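One letter stands for each residue in the lines below.
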Amino acid sequence: MDELRDLYQATILDHNKKPRNFRAIEGADRKAEGHNPLCGDQLTLYLTMDAEGRVSDVGFQGSGCAISTASASLMTDLIKGQTVAEIEKQFGRFHDLVTSPVDQPVDLAEMGKLAVFSGVREYPMRVKCATLAWHTLREAMANTGGTAKTE
Amino acid sequence: MTTAYDVAAVREDFPILDTTVRGKPLVFLDTAASAQKPRAVIEAISEFYETHYANIHRGVYQLSADATQRYEGSRDTVQQFIGATDRREVVFVRNATEAINLVAHTWAEKNLQAGDEVLITALEHHANIVPWQMLGQRKGIRLRVAPVNERGEVVLEEFEKLLNDRTRLVAVAQVSNALGTILPLESMIELAHKRGARVLVDGAQAIPHMPVDVGQMDCDFYVFSGHKLLGPSGIGVLYGKLSLLEAMPPFLGGGDMIESVSFEKSTYAPPPARFEAGTPDIAGAVGLDAAIQYLQGVGIERVALWEHELLEYATAKLSEIDGLRIIGTAAEKSAVLSFVLEGVHAHDVGTALDQAGVAVRVGHHCAQPVMEIFGVPATVRASFALYNTRNEVDQLAAALRETLEIFR
């Protein structure tokens, strides 16, 4: 069970049980839907940007597995006050973290709180769970009104 | 109840059962998705490629004649296995999905008119929903759905109410892949025939686990996939009553399905060749033949008994786990156990079980409407086969308890 605890670290289990920013935002500037058809994970992301192009508020609702719920919860905590460019950079690093080959070293210190997802890369089937919230966020930032799909 | 079933000997026949997953011995409980292959099948295929392979129905040389004989011999084996009266009633296709699409594009395309109805059940696999929806869009045909009760059983009275003079086809699974429910086919077929409807039975989930006799069943079409029947993937079977097949237009056009071709006009071969355009999966047919013979060697009735024993044992074991809810509790069930763990998403369960070497399916099992009926996004599905043991059920139960510990 030790390997399992490497994937499901305490932070992930905690965010799964008590997701942060788990709420709809009335009058949000932007809203996007995310759907992972393979798992049935579904989330709605609400986003409000301020005049300087920074995230002033973000929330999400939906249902999903522990990985996708914790990922959405941690992500929403992290991006408050960030610009689109900063978020894109963050997403790039996160994407690399969960998709890099198992034997490739990663700089966990640089990842901050997102480092708890380092175990995901050992489970290729679960990468989509970890990235669903991020794809949905990018959809919301692009403001196309589309649905982010992982398939 | 115990039987003199020698599961250890059966396991010896399946090389993959010796492998390890994440450092643990493999506990394979996903046969409902696809079955593992006995050595007899693996060897039949390689032996065929190594010593008998050539294209069929063409060459005048010995090797081609030999390959043709083996391909056609497989048809004889299937005919006898499913109780068809005529070998021409057995059409080789890729899988059950293709067989259903074939019927939708030929028989249904020709015989159904706008306003006609196709009746399915709420338990169907996507493969027995989508082809009829597509037909409906092409031709203005209405798809109707017989409901199930809270145990996941088809309610016969409701099914009967949905049958009417516009019902031209009843397309139903013999066994639900998502819940394991065995459908009351005898009554359903009788009711359908009384109203003049034809019946297509999706036997993909049934045929590896119980004796099937299409003659006795009196269905009009019966479809299944080789890969769930211990055979290779890429080969499947459409059974159709000969009079129906003979009156059906071809599906795909090409070589092997014609009688004669000119640029003005082609005439088509009789069944089954009419529906087997192009070079088929010849080695697949050889492998399917070996799979059926292997299963017959073990004895399908004995397999059914053993699997039923495993199902009862697993149902009892898993029912003891607090927070586990079994989805699908029909009185008549095949060896499929679908369930959810309270507060743990099915995908997390799947990953946790994988860590313990236990392979199960998690998700909607290509039966999203079934998930909706039971109000769950996904379930965990353990399915049992001739090579599974009580010990494996114990390992499943133990891994589930550990999973609950981590997530609670």
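Residues numbered from 1 in each chain as written. Chains lettered and ligands numbered in written order. Predicted model: local features only at pLDDT ≥ 70, side-chain atom pairs only at ≥ 80, totals over all residues.

K.L.:
Explain the overall build of chain A to me, please; I cannot follow it from the model alone.
P.N.:
From N to C terminus, chain A includes six helices and four strands. In chain A, the succession of helices and strands from N to C terminus is α-α-β-β-β-α-α-α-α-β. The C-alpha atoms of chain A give a radius of gyration of 15 Å, which matches the 15 Å a tight globule of 151 residues would have. The principal-axis extents of the C-alpha atoms in chain A amount to approximately 45 × 30 × 25 Å. Looking at the 151 residues of chain A, the share that counts as buried comes to 40%. Sequence separation of 24 or more characterises 60% of the internal contacts of chain A that already satisfy a separation of 6 or more. (Helix = DSSP H or I, 4+ residues; strand = E, 2+ residues; numbered from the N terminus. Rg over C-alpha atoms; globule rule 2.2 N^0.38 Å. Buried ≥ 20, exposed ≤ 12 C-beta atoms within 10 Å, placed from the backbone. Contact = placed C-beta atoms within 7 Å.)

K.L.:
Looking at this structure, I do not really get the overall build of chain B. What am I missing?
P.N.:
Per the secondary structure count, chain B includes 14 helices and 17 strands. The C-alpha radius of gyration computed for chain B amounts to 22 Å, which stays within 12% of the reference 22 Å derived for 408 residues, consistent with globular compactness. If one aligns the C-alpha atoms of chain B with their principal axes, the spans along those axes are about 70 × 55 × 35 Å. Relative to its 408 residues, chain B shows a buried fraction of 50%. Residue pairs at least 24 apart in sequence account for 71% of intrachain contacts in chain B once pairs closer than 6 positions are excluded.

K.L.:
Teacher, can you tell me more about the confidence of the model for chain B here?
P.N.:
Low pLDDT marks stretches whose predicted atomic positions should not be read closely. Overall, the prediction assigns chain B a mean pLDDT of 96, with 99% of residues at 70 or greater. Across the interface, the model reports ipTM at 0.87; the global pTM reads 0.93. (pLDDT = per-residue confidence, 0-100.)

K.L.:
What should I look at first to understand unusual backbone geometry in this one?
P.N.:
With the exception of glycine, the majority of residues adopt a negative phi angle, and the majority of peptide bonds are in the trans configuration. Residues and elements named next belong to chain B. Pro272 follows Pro271 through a cis peptide bond whose omega is 5 degrees. By the secondary structure assignment, Pro272 is in the loop between β12 (266-268) and α10 (282-298). Unusually for a residue other than glycine, Leu230 sits at a positive phi of about 70 degrees. With respect to the helices, strands and loops of the structure, Leu230 is situated in the loop between β9 (221-225) and β10 (236-240). The phi dihedral of Cys366 falls on the positive side, at around 55 degrees, and the residue is not glycine. Here Cys366 lies in the loop between β16 (361-363) and α13 (368-373). With 18 C-beta atoms counted inside 10 Å, the residue Cys366 sits in the partly exposed group.

K.L.:
Hey, could you run me through the packing of α10 of chain B against helix α11 (residues 300-319) of chain B in this one?
P.N.:
To describe two helices that pack against each other, one gives the angle between their axes and the distance between the axes. All names here are of chain B. Where α10 contacts α11, the axes come no closer than 6 Å and their chain directions differ by 70 degrees. The angle between α10 and α11 falls in the class roughly perpendicular. Contacts between α10 and α11 involve Leu295, Gln296 and Val298 from the first element and Ile300, Arg302 and Val303 from the second. (Axes fitted to C-alpha atoms, helices over the stretch in contact; angles between N-to-C directions. Parallel < 35°, antiparallel > 145°, perpendicular 65-115°, else oblique.)

K.L.:
In this structure, what is going on with the pairing of strand β6 (residues 142-146) of chain B? I would like to understand it.
P.N.:
Regular strands show a simple pattern: their side chains alternate between the two faces of the sheet. Residues and elements named next belong to chain B. Inspection of the sheet shows strand β5 (residues 117-121) paired to β6 by five bridges, in the parallel sense. Residue Ile120 lies in a different strand from β6, and its bridge partner there is Val145. Regarding topology, helix α5 (residues 130-139) serves as the crossover connection from β5 to the parallel β6, and that connection is right-handed. (Pairing = 2+ DSSP bridges. Right-handed = clockwise from strand over helix to strand, strands pointing away.)

K.L.:
Is there a simple way to explain the interface of chain A and chain B in this structure?
P.N.:
As a measure of interface size, the accessible area lost when the parts come together is often cited. Facing the 16 residues of chain A at the interface are 13 residues of chain B. Counting residues per element, the side of chain A that touches chain B draws most heavily on helix α1 (residues 2-7) of chain A, which supplies three residues. Considering only residue class, the side of chain A that touches chain B consists of eleven nonpolar, three polar and two charged. (Nonpolar A, V, L, I, M, F, W, Y, C, P; charged D, E, K, R; others polar.)

K.L.:
Looking at this structure, I do not really get the environment of Glu109 of chain B. What am I missing?
P.N.:
Within the fold, Glu109 of chain B resides in helix α4 (residues 96-111). Residue classification places Glu109 of chain B among the partly exposed residues on the basis of 15 C-beta atoms within 10 Å.

K.L.:
Would you mind showing me how to read the sheet that holds β6 of chain B here?
P.N.:
Pairing between the strands of a sheet is mediated by backbone hydrogen bonds and can be parallel or antiparallel. Residues and elements named next belong to chain B. The seven strands lie next to each other as β4-β10-β9-β8-β7-β5-β6, forming an open sheet whose pairing is mixed. Every other strand in the sheet has two partners, leaving β4 (90-93) and β6 as the edge strands with one partner each. Adjacent strand axes in the sheet meet at a mean angle of 20 degrees when their direction is disregarded. In this structure, β4 lies alongside β10, joined through four bridges in antiparallel fashion.

K.L.:
It is not clear to me how the domain arrangement of chain B should be interpreted in this structure. Could you clarify?
P.N.:
Residues and elements named next belong to chain B. When its domains are assigned, chain B resolves into domain 1 (7-30 + 299-407) and domain 2 (42-297). Here the C-alpha centre of domain 2 lies 28 Å away from the C-alpha centre of domain 1. In this complex, domain 1 contributes 22 residues to the contact, which on the side of domain 2 involves 22 residues. Secondary structure elements with two or more residues in the side of domain 1 that touches domain 2: α11, β14 (336-341) and α13. The biggest single contributor to the side of domain 1 that touches domain 2 is α11, with five residues. Looking at the side of domain 1 that touches domain 2 residue by residue, the classes come out as 13 nonpolar, five polar and four charged. (Domains from an automatic or database assignment.)

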